[in-house]
Structure formats: C-alpha cells, structure tokens
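One letter stands for each residue in the lines below.
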Number of protein chains: 4
Amino acid sequence: MANSKYEYVRHFELADNMLPNTWLVVRIDGRGFHRFSQSHDFAKPNDRRAIDLMNRCAIEVMKDVKDIVLAYGQSDEYSFIIPKTSNLYSRRSSKISSTVVSLFASNYVMHWAEYFDENKLKYAPCFDSRTVCYPNDKILRDYLSWRQADCHINNLYNTTFWALVKSGMTEKKAEDRLRGTFSKDKHEILFTEFNINYNNIDPIFRKGSTIIRQKTEVISISPRDFQEVKRIKLIPTAIHDDIIGQEFWDTHPDLLDNQ
Amino acid sequence: MANSKYEYVRHFELADNMLPNTWLVVRIDGRGFHRFSQSHDFAKPNDRRAIDLMNRCAIEVMKDVKDIVLAYGQSDEYSFIIPKTSNLYSRRSSKISSTVVSLFASNYVMHWAEYFDENKLKYAPCFDSRTVCYPNDKILRDYLSWRQADCHINNLYNTTFWALVKSGMTEKKAEDRLRGTFSKDKHEILFTEFNINYNNIDPIFRKGSTIIRQKTEVISISPRDFQEVKRIKLIPTAIHDDIIGQEFWDTHPDLLDNQ
Amino acid sequence: MANSKYEYVRHFELADNMLPNTWLVVRIDGRGFHRFSQSHDFAKPNDRRAIDLMNRCAIEVMKDVKDIVLAYGQSDEYSFIIPKTSNLYSRRSSKISSTVVSLFASNYVMHWAEYFDENKLKYAPCFDSRTVCYPNDKILRDYLSWRQADCHINNLYNTTFWALVKSGMTEKKAEDRLRGTFSKDKHEILFTEFNINYNNIDPIFRKGSTIIRQKTEVISISPRDFQEVKRIKLIPTAIHDDIIGQEFWDTHPDLLDNQ
Amino acid sequence: MANSKYEYVRHFELADNMLPNTWLVVRIDGRGFHRFSQSHDFAKPNDRRAIDLMNRCAIEVMKDVKDIVLAYGQSDEYSFIIPKTSNLYSRRSSKISSTVVSLFASNYVMHWAEYFDENKLKYAPCFDSRTVCYPNDKILRDYLSWRQADCHINNLYNTTFWALVKSGMTEKKAEDRLRGTFSKDKHEILFTEFNINYNNIDPIFRKGSTIIRQKTEVISISPRDFQEVKRIKLIPTAIHDDIIGQEFWDTHPDLLDNQ
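Residues numbered from 1 in each chain as written. Chains lettered and ligands numbered in written order. Predicted model: local features only at pLDDT ≥ 70, side-chain atom pairs only at ≥ 80, totals over all residues. Heavy atoms only, no water.

For chain A, the name recorded in an unreviewed UniProt entry is tRNA(His) guanylyltransferase, with Parasitella parasitica as its organism. Quoted verbatim from the Sequence similarities (unreviewed entry) heading of the UniProt record, the comment on chain A is "Belongs to the tRNA(His) guanylyltransferase family." Of the comments in the UniProt record for chain A, the one headed Catalytic activity (unreviewed entry) reads "a 5'-end ribonucleotide-tRNA(His) + GTP + ATP + H2O = a 5'-end phospho-guanosine-ribonucleotide-tRNA(His) + AMP + 2 diphosphate + H(+)". (UniProt positions renumbered as here; feature names shortened; annotations may be inferred.)

Structure (structure tokens):
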C-alpha cells in the first residue's frame, strides 16, 4: 500500500482515556457569547428564546448520545453527565468532548430559526468543551450545585443590574451601586424599588434547566390498522427544579442509583 | 459567596497542555457520514457540493482562528495545522479541539443551503476531533502525505467501483472485481472499459483540498471619497495541489520557514 | 541572570497531577528478579530472608512517607496505599512514584546485610513503579484482593512445583504434571505425596505481608530522671492476614473510614 | 482462575507513553540533600567524594540502560538523555523514570563505602525523577546548557560564600555581602581577598560532569592461550567539559547525529 510508509504518524496520537468508574462531565461553554448576544439582540437580563434554543440543543444531544443521563444548563453553558459505568467511545476524552460539542453547535444553527424567527443568525456560534472525571456521587452533586449556585448568583445580579439600568441609571452607576452588596440587598432593591419579588421570577431563569429522561406518553398511528397507539417512552425533557437540595435526587432515584 | 463551598470541584479539571515547540494538528472527522451522505443523496463517487461545503467550513475556521496556517481536507475529514510557536489557548488540547470542531460544525449547517439548495438538511451533522503533536517539519509533512495518499487510494478505488456499478454491475460484484487489484489495474479498468484517464479527473477529487492564506486583491469602497480601493489581503483559499512532493513546499516557503 | 535565556525549557515539563479524591496506589515491581534471585541463591519456593528484607524496606518507606496508610507485598512487588484526601506532592504522579521507589531501592541495599549475612550483594537491584488512581473503597479493596489472590495462586503452584522437583522430578516434568491442574489437585499432591497440609504453611508465604501502623508500646529512657518511660506509638508493622474478606477491614476500621 | 474477578482493576492503569521522535530527559534530584549532606559531613563548597559517587552511579545506570547516550550531573542532580529514536519500555514515562531512579539510588548505597570509607551511611538517600520530552536538538542543548549554567552560577556563589565563612565571617554576614553582586564581583572577591583565580578551580566543580561512552582500551586475558588481549570498548566515562558551546558537540558528532 502506497500509504504504509507514512502510517507511522499514527503513533503520535497518544491515548487519552478517562479513569474508569468515575462520573464524566462534558461541559460546553459559549465562546465570545457576550458579543454574540449583543449582535443578535438578546433581551436582558435573560432572553427566553436563547434559553429555549440552548435547551433544545441539549435535548437533541441527549437523543443522540444515549449514555448521557442528565444535562444541566444556564446562561451560555451546558454540562452533560455520563455515568461511571459508561464505556462510551472507550472513555476517550477528545472523542467524547468533540462529539458532544459539535452536535450541540450544529443543532444550535439548525434550530435557530425556530426560536428567533426573523432574527437572522449573523455568524456561526462557537463553543468549547472539556471532559472532567468526578469520582463519586457526592462530588458530582457538588459539581452540579456549583453550576446552579453560579446561575443563582449571576441571575440575581443581572436581574437587579438591568432593573436599575432600565430605570434610567447608567451601566457604570448600576455597577457602583451593586458593588459589595449581599444577596439580601439585591432582593431588597428589587422589592422596594421595582416591586419585584425575586422568588416569583420564572424558575427557568433562577434555577437554570435540567434535562432528564421523563416517562412521556407518545401517541403514534399503528401502521397495521391506522389506530392511535399510546406508548410510554423516555423523552429528554427540561425541568427547572432546585438540584442542590436532596428532594430532586429523592424524586429521581435512578439518576445516582446502581452506579 | 454562596458558591465557594462547591468551588473545590474545579480542581478535578486536570491540565492538558500540549508539548511546546511542536506542530499541532487538529483533525476532525465526520461521524456516521456514510449514513449522512446517503440520507442527503450525495453523488457518488464524489459530491462536489459536499466538498465545496467542507472547504467553505475550513475557510471560515481559518478566518476565525488566525493561528492556523494550513488546512488539508478530503472526504469527510479536515486537518488544521497550527505552528510550533503558537500559544493558542495556552496549547490546551481540549480547548483547541473543541473550538475548531464546533466552529466547523456550526458553519456546516449555516452554509448548507448555499451549496445544497432545495436539498434540505435532515439532521444535524456531527464531527469528532483530536489534537496531535508532531515534533518536526518532516513528520508534519509525512502526516499530510499520509492524508493525501489516503485521498488518492480511496478516490481511485471509489472512482473505479462506481464506474463498474453505474455500468450495471452489482456492488457485490464490483467489490469482488476490485479485490486484490493494484493501482495500475484500476487505471487500466477505467481506461479500457470506461475511456476514463484517471489523471484527467478534476484534482479536487484526486488531491483533496489544501487551504492556505493567498495574497488576494480585494476591492473596497473608500468611506471617504467613495472611490474603489484595491488592497492585497491574505485570504484563506482552497487549492488542489500535490502536497507530498517538494514543489508545493518550495512554492510556499513561509509555511515551514522560521519555525 | 546568565541562566534566564535557557529557562524556557522548564515549560516542557507538563503537569501530571492525579485526580483528586481517589485512592492512589504506588506499585513497585522488581526488574529482572528471576535472575537476581538466582544470582543471590534465594531459597525455593520462598526465601524468608528476601521476604523479610522486602518488608523492612516497605516499613522504612512508610516511616518516611507518612501519607501511606497501608502497604501490601508479595514476591518481588509492593503496593503502597495513599488516601483519597492526601495532597502528597500535590498528587504529582512522577514525584510520588519516584520518591517511593528510590527510597525502597536504597533501603534494599542498605539493609541487605542484616538479612543475608555473608551472602554479598552482587549487583544493584532495580524496581519500576507506577501510580494508579482507584476511585472508591470497593475498587481499592478489589485491587488489594487481586494482589493477594495472585500471591495465593503463585505460592500454591510454586510450593507444589518445588516439592516435586526436590523429590527428584525434573523441572520440565514438574511443569507437565501441574499443567491444567486446579487448586484442589495441588492441595492433594502436597498432602498425599509430601504429607504437607498447605493450610499449615506459614501465612507469610500464603498471604503475603500487609504493613499497617499498629499501636506499639515503646520504652524510652527519660532524659530528665533516667527512668524508663512507656509510650504508645503507631509503628508500621507487618502482619500476614487475609485482606480479601471483610474481617480484616472490620478489625481496622480506620483504614477506609472517613475518606 | 480465582483471580479473574479482580483483574478488571488493571484497567485503571492509564497509558503514559511519551511523544515519539522527541528527546527524552530523565532528571533525578536528591530529596532533602541539604540535610543529607550535613548529616554525612560533606565538605563545603564541594565534596569530591560525593561528586565521584554521583558520577559512579550515573555510569552504572548507563551500563545497565544502554539507550542512554549521555548524562549530565551537578550538585545532587543528574539528567539522562535518551535519543528520539529510542523505544525504551515503549516510551512509558513512569517505567523509564522509575527504572533509572531506582538503579541510581541502589547504586548510591551500594558504592557509598568505596567513596566515603569509614564515614558510615546513616540513612537511605532518596531521589525523585521525572521524564520530559524535548522536540529537537536545539532545545535539548538548551536544556543541558540550562543545567550547566545553573552549576556555574551556584558553584561561583558557593565558592565565594564558603571562602568568606572559612575566613571567619558568619553565614549571615556572608549572605549579606553577596546579595546583589554580579559574577565579576565574586571573581574579584575571590581573587583579591583569597588569592583564588576562579578559572583555575577544578573543572569538575565549575562545569559539572558529563558521562559519554568513550572508546577505551580494555585488556583481558584470553581464555584460550592466556595471552593478554587488547580491545576497544565503549565505556561510559565522566568528563568535565563545557557543553554550552559548539566545540563539545563538534568533538562528539555522534551524540546529536542521525536522529
């Protein structure tokens, strides 16, 4: 084979398998999404269309990559959870990272128009990704708590910041006003100055989105007798619960079970 | 900060920096592109639209990621070459791999309609990627020769195979006919049975595509006096040369120079 | 500083930190110990002096590297267990591996004469080492069970093999005799032909050696009044228990506890 | 096999092969050698016995590990150079690092008495090691220059420091005196105050030690006719040349050649 004298170059590809029996988390992050959100006129502090599109992409990734059992997203990032026992792509880090991120990115463009209508996509979005091992359930939960706490902190800040700005304050002044404030101070500003009870804000903004496979009734037409057939399927579905506390995990015992 | 008790999970992200002063090659590969090409009625043995779209994506990647000095593509794969001296993303493997592959994938969807017109995209394409170090110019050239020789071998086979099939042979029979044949046998079949001189086939199919930054005359309208202004810019451009021999590298001395 | 123009070479040393919150096992293995044992006339199937020396070295390593909580050894190998919570040398793999193996090797030579008397060391012994992560207690125990089961299998074979050879059989014949035999067959040969009840053989040979820190009464002379003072210290001590079953771990609950 | 249910633990040992076609450098460093040198009454600023012992160990390592083409040592460290083309232990990092460091450490103890006579070894020495890739000859030479420049800087400092201390200055005062001085200042102090021309100090102290395989005439007694037979063998030998400049490499062209 004419090719054989060059094939030695294969040996420069070094193994990058992840430690067995650990949770794998693939986290993707939008690159330059501050500019991207401005170019595409995202609403502030949250653009519901953008969030719904992110969730749609995560759902499409989970429909394709069956090993993913849960995904958590907020802002321009998403984390995909692969169980300890999975042997997806022999647990090769770059193979897993790149498959997830390229599926996410191509779905983002593919479904853009369904969420943004006339608002044309001006340039191709870009995400980075990494795959990280977490050795046990507690640490995995702490990872997810870290991301949801981050969502909470940022969303409370952004909600207050944009309320101030929309009321006429400059961005600089709003920043100064919020510097050094605690959580309760921001709640107070929102309530007294803008009559907003932060806890009544839509959970999709406060809690981010968690995709799990929910039992869902699916109706199909039987090809035999053209009757409607109802079946229960597991469909990746976004929910907006607190995942820091114990209740979520008690309600969904299969997620951490039998690992 | 409420988040701080969870932040320890950051320490599970281990460093994945690539060895300094080596060439970095990011190779992306279509996942399941046999099915993808059938679902989307790609012409056989080559679909010019599909190749042009791949090249377009590679060009868009190079416009965005300035550190890439050359890209080589064939079939459903593309290799992006980053110089030894580059410190792109501190040479972190997953950051580089994921940025390139997600840009490629999102551009693939974004520009699909420009190349495939009425032929709608049925589902989101997926690519994997990896980043590999090559320690010197000779080995980098051997890597590129490996990919171009692979292009040659596959294209000669596919050209002959599809000529046989289009002439009425079953795919099974065509496979049997070609089993164990040498390069010259396939040239002979093409010439005597189909009157095809393989060497006259479009180089884009025989040689694949190499993207380099070519000096290109760009005409713009001056905002001052509305006159046309000609400037020379370096624009990523696809060419279809032999990159195994010495001539290409002599013609483009900057590619390997001063590393 | 005259040195600064060369200091960039430091950047070629890439990080090799092990995943946090996992058990670390440093396993060292004698290199070429078949030849070494022959050159130094080790008794067959087991040389008590060689085993005692290996155990001594492991004890010296544990006296020096306080993070090691347990070591298990058999034949020419030793495994050192470092807890999940340890941050020894920032969990750098090569630093941990090399420190343990060089301490072991230098102690081996240093204490040789105490165990082998007139039997001079003919050449310097060599060991290799590696550090491996195990993500939880069960897998760590399975690792240790793997090594102790290996000890059992090899020792039963070797005991039977050398009984046959010492009774006058050639080594070739003894190998043929044992090929395909099960554990109970070897027990039977030992019992009926050599009147050896395998289970009565010294546990140091059947079970290998486990070093743990045992509470030990230490008597010292007070520098104040020259009276004897008894204190309880934790001293690394070799025992020869079964570590596959649950009993050992119940007896020493601190080993796996509070990780 | 009773062992098979535990054998899965093997899969936690991840590959650690070094990039092909790069120079491998194994650097070992004494751990806690400040205390070690004090416990064993090393002469200051340099103890010739200690240096000779280090060199002996490096020579023994090179006699055993044939792939090493050069070693450079100074103070309590040694670097071993393995060529780009070597496939030693399949280029597994931990295997290479641990073999070299354990051989070095065991030889250190084994040959101690030959160099330190009545001065007994009080405790086992310890070295760490790491294996680093260097992608080309220039960078390898810069690495070695880095180590030799380090030798020079430290030795000039130490020589001046101990001259001051031996002349009656306290260590604190000597430190203060030397703080912020340049190389020429230290030369000046040595010359004017102690009548020492630094350049006349034994090169083994100023340049460190480089071990290369030198053609050496070896005389043996023929077992046939009991005549003396002279043969030329390649024997690892310590020299004390400058290895920063070009001359050394011109004199020994095989070291970097044909890689």
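Participant: How should I be thinking about the overall build of chain A in this particular structure?
Facilitator: When helices and strands are tallied, chain A shows eight helices and six strands. For chain A, the sequential pattern of α-helices and β-strands runs β-α-α-β-β-α-β-α-α-α-α-β-β-α. Seen through its C-alpha atoms, chain A measures out along the principal axes to roughly 75 × 60 × 45 Å. Going through the 259 residues of chain A one by one, you find that 52% of them count as buried. (Helix = DSSP H or I, 4+ residues; strand = E, 2+ residues; numbered from the N terminus. Buried < 20%, exposed > 50% of the residue type's maximum accessible area, 1.4 Å probe, protein only.)

Participant: How do you make sense of the relation of the copies chain C and chain D when you look at a structure like this?
Facilitator: Superposition of the two copies of the chain requires a rotation about an axis together with a shift along that axis. Of the transformation placing chain C onto chain D, the axial shift is 0.0 Å and the rotation is 180 degrees, giving an RMSD of 0.0 Å. The transformation relating the two chain copies, once decomposed into turn and shift, fits a two-fold axis. The residues that chain C uses at the interface reappear at the interface of chain D in 100% of cases, marking a shared surface. (Least-squares fit on C-alpha atoms with pLDDT ≥ 70 in both. Contact = heavy atoms within 4.5 Å.)

Participant: Help me out: how do you make sense of the relation of the copies chain D and chain B in this one?
Facilitator: Least-squares fitting of chain D to chain B yields an RMSD of 0.1 Å, with the superposition described by an axial translation of 0.0 Å and a rotation of 180 degrees. The residues that chain D uses at the interface reappear at the interface of chain B in 100% of cases, marking a shared surface.

Participant: Can you walk me through the interface of chain C and chain D in this structure?
Facilitator: Accessible area lost upon the coming together of the parts is a frequently used measure of interface size. Counting from both sides, the interface comprises 50 residues of chain C and, opposite them, 50 residues of chain D. Roughly 4300 Å² is buried in total at the junction of chain C and chain D, and carbon and sulfur atoms are behind 62% of that figure. Between chain C and chain D we count eight salt bridges in total. When the shortest N-O distance is used, the salt bridge between Asp64 of chain C and Arg31 of chain D registers 2.7 Å. Contributions of two or more residues to the side of chain C that touches chain D are made by helix 3 (93–116), strand 4 (127–134) and helix 4 (137–166) of chain C. The biggest single contributor to the side of chain C that touches chain D is helix 3 of chain C, with twelve residues. (Buried area = accessible area lost by both parts, 1.4 Å probe. Salt bridge = Lys/Arg side-chain N within 4 Å of Asp/Glu carboxyl O.)

Participant: Is there a simple way to think about the pairing of strand 6 (residues 228–239) of chain B in this case?
Facilitator: Along any regular strand the residues' side chains alternate between the sheet's two faces. All names here are of chain B. In the sheet, strand 5 (residues 209–221) pairs with strand 6 via twelve bridges, with the strands oriented antiparallel. Pairing of Arg213 across the sheet is with Pro236, part of strand 6. Where strand 5 hands over to strand 6, the hairpin turn is made up of six residues, of which Phe226 adopts a positive phi near 60 degrees. (Pairing = 2+ DSSP bridges.)

Participant: Would you explain the UniProt feature "binding site: Mg(2+) 1" (unreviewed entry) in chain A in this entry?
Facilitator: Residue and element names in this part refer to chain A. Those residues carrying the UniProt feature "binding site: Mg(2+) 1" (unreviewed entry) are Asp29, Gly30 and Asp76 in this numbering. Maximum C-alpha separation among the annotated residues is 5.9 Å over a sequence range of 48 residues, consistent with a single clustered spot. Relative to the helices and strands, Gly30 is located in strand 1 (residues 23–30). Taking the relative accessible area as the measure of exposure, Gly30 reaches 15% and is therefore buried. Discounting residues that sit within four places of it in the chain, Gly30 has contacts with Asp76, Cys126 and Phe127. Position of Asp76 relative to the elements: it lies in the loop between strand 2 (70–74) and strand 3 (77–82).

Participant: Help me out: how do you make sense of the interface of chain D and chain B in this one?
Facilitator: With eight residues of chain D in contact, the opposing surface of chain B contributes eight residues. Carbon and sulfur atoms make up 68% of the area that chain D and chain B hide from each other, which totals about 570 Å². It is Leu19, Asn21 and Pro135 of chain D that lose the most area in chain D upon contact with chain B, and together they represent 65% of the buried surface on that side. At the boundary of chain D with chain B, the tally comes to zero residue pairs in polar contact (both at pLDDT 80 or more). For the side of chain D that touches chain B, the residue count by class is five nonpolar, three polar and no charged. (Polar contact = N/O pair within 3.5 Å; in protein donor to acceptor, adjacent residues only side chain to side chain. Nonpolar A, V, L, I, M, F, W, Y, C, P; charged D, E, K, R; others polar.)

Participant: I keep staring at the packing of aromatic side chains and nothing clicks. Help me out?
Facilitator: Within a pair of aromatic rings, the relevant descriptors are the distance that separates the centres and the angle that separates the planes. Per the counting criterion, the structure on display carries 88 aromatic pairs over all chains. For the ring pair Phe36 of chain B and Tyr108 of chain B, a centre distance of 6.1 Å and an interplane angle of 65 degrees mean the geometry is edge-to-face. Separated by 72 residues along the polypeptide, Phe36 of chain B in helix 1 (residues 33–39) and Tyr108 of chain B in helix 3 (residues 93–116) bring together distant segments of the chain. The exposure class of Tyr108 of chain B is buried, given its relative accessible area of 1%. One aromatic cluster in this structure is built from Phe33, Phe36, Phe42, Tyr78, Phe80, Phe104, Tyr108, Trp112, Phe116, Tyr123 and Phe127 of chain A. Just above the ring of Trp146 of chain B sits the side chain of Arg147 of chain B; from NZ or CZ to the centre is 4.3 Å. (Phe/Tyr/Trp six-rings, centres within 6.5 Å; stacked < 30°, edge-to-face > 60°. Lys NZ or Arg CZ within 6 Å of the ring centre and 35° of its normal.)

Participant: What is the right way to read the UniProt feature "binding site: Mg(2+) 2" (unreviewed entry) in chain A from this model?
Facilitator: All names here are of chain A. Per the UniProt record, the feature "binding site: Mg(2+) 2" (unreviewed entry) sits at Asp29 and Asp76. Here Asp29 is to be found in strand 1. Take Asp29: its relative accessible area is 15%, and that puts it in the buried class. Ignoring any residue separated from it by four or fewer positions in sequence, one finds Asp29 in contact with Asp76, Glu77, Cys126, Phe127, Asp128 and Arg130. Not counting the four nearest positions on each side in its chain, Asp76 is found in contact with Ile28, Asp29, Gly30, Phe33, Met54 and Phe127.

Participant: Got a minute to help me understand the pairing of strand 1 (residues 23–30) of chain C in this structure?
Facilitator: Residues and elements named next belong to chain C. Most of strand 1 is tucked away, with eight of its eight residues classed as buried. Both faces of strand 1 are covered, namely the face carrying Trp23, Val25, Arg27 and Asp29 and the face carrying Leu24, Val26, Ile28 and Gly30. Summarising the sheet, strand 1 and strand 3 (residues 77–82) pair through six bridges and their orientation is antiparallel. When the bridges of strand 3 are listed, Arg27 appears paired with Ser79.

Participant: Just to check I follow, could you spell out the sheet that holds strand 5 of chain B for this structure?
Facilitator: Residues and elements named next belong to chain B. As summarised here, the arrangement of the six strands in space is 4-1-3-2-5-6, forming an open sheet in which the pairing is antiparallel. The sheet is open, and its two edges are formed by strand 4 (127–134) and strand 6, each paired on a single side. This sheet shows a mean twist of 25 degrees between the axes of neighbouring strands, independent of strand direction. The sheet contact formed by strand 2 (residues 70–74) and strand 3 (residues 77–82) spans five bridges and is antiparallel. Following the sheet pairing, Gly73 is matched in strand 3 by Tyr78. Packed onto the sheet, helix 2 (residues 48–64) meets strand 2, strand 3, strand 4, strand 5 and strand 6 and runs at close to 70 degrees relative to strand 5. Its contacts with the sheet put helix 4 (residues 137–166) on strand 1 (23–30), strand 2, strand 3 and strand 4, and the angle it makes with strand 2 is roughly 25 degrees. (Axes fitted to C-alpha atoms, helices over the stretch in contact; angles between N-to-C directions.)

Participant: Sorry if this is basic, but what is going on with unusual backbone geometry here?
Facilitator: Among all residues except glycine, the phi angle is most often negative; among peptide bonds, the trans geometry is most common. For the bond from Lys44 of chain A to Pro45 of chain A, the omega torsion is 0 degrees, close enough to zero to count as cis. Positioned with a positive phi, Ser90 of chain D is a non-glycine residue whose angle comes to about 55 degrees. Tracing the chain through its elements places Ser90 of chain D in the loop between strand 3 (77–82) and helix 3 (93–116). Note on Ser90 of chain D: relative accessible area 41%, which makes it partly exposed.

Participant: Explain a positive patch on the surface to me, please; I cannot follow it from the model alone.
Facilitator: Residues and elements named next belong to chain A. Residues Lys63, Lys66, Arg231 and Lys233 make up a contiguous surface patch of positive charge. Its location among the elements puts Lys66 in the loop between helix 2 (48–64) and strand 2. Lys66 gets classed as exposed once you look at its relative accessible area, which sits at 58%. (Patch = residues over 30% accessible without salt bridge, like charges linked within 9 Å, V, L, I, M, F, W, Y side chains within 5 Å. Areas by Shrake-Rupley, 256 points an atom, 1.4 Å probe, with all protein chains shown as cover. Lys, Arg positive; Asp, Glu negative; His and termini not counted. Charge placed at Lys NZ, Arg CZ, Asp CG, Glu CD.)

Participant: Which parts of the structure should I look at to understand the sheet that holds strand 3 of chain A?
Facilitator: Sheets are built from strands that pair by backbone hydrogen bonding, the pairs being arranged parallel or antiparallel. Residues and elements named next belong to chain A. In spatial order, the strands read 4-1-3-2-5-6; together these six strands make up an open sheet with antiparallel pairing. Strands with a single pairing partner mark the edges of an open sheet, and in this sheet they are strand 4 (127–134) and strand 6 (228–239). This sheet shows a mean twist of 25 degrees between the axes of neighbouring strands, independent of strand direction. Strands strand 1, strand 3 and strand 4 of the sheet are contacted by helix 3 (residues 93–116), whose axis makes an angle of about 140 degrees with strand 4.

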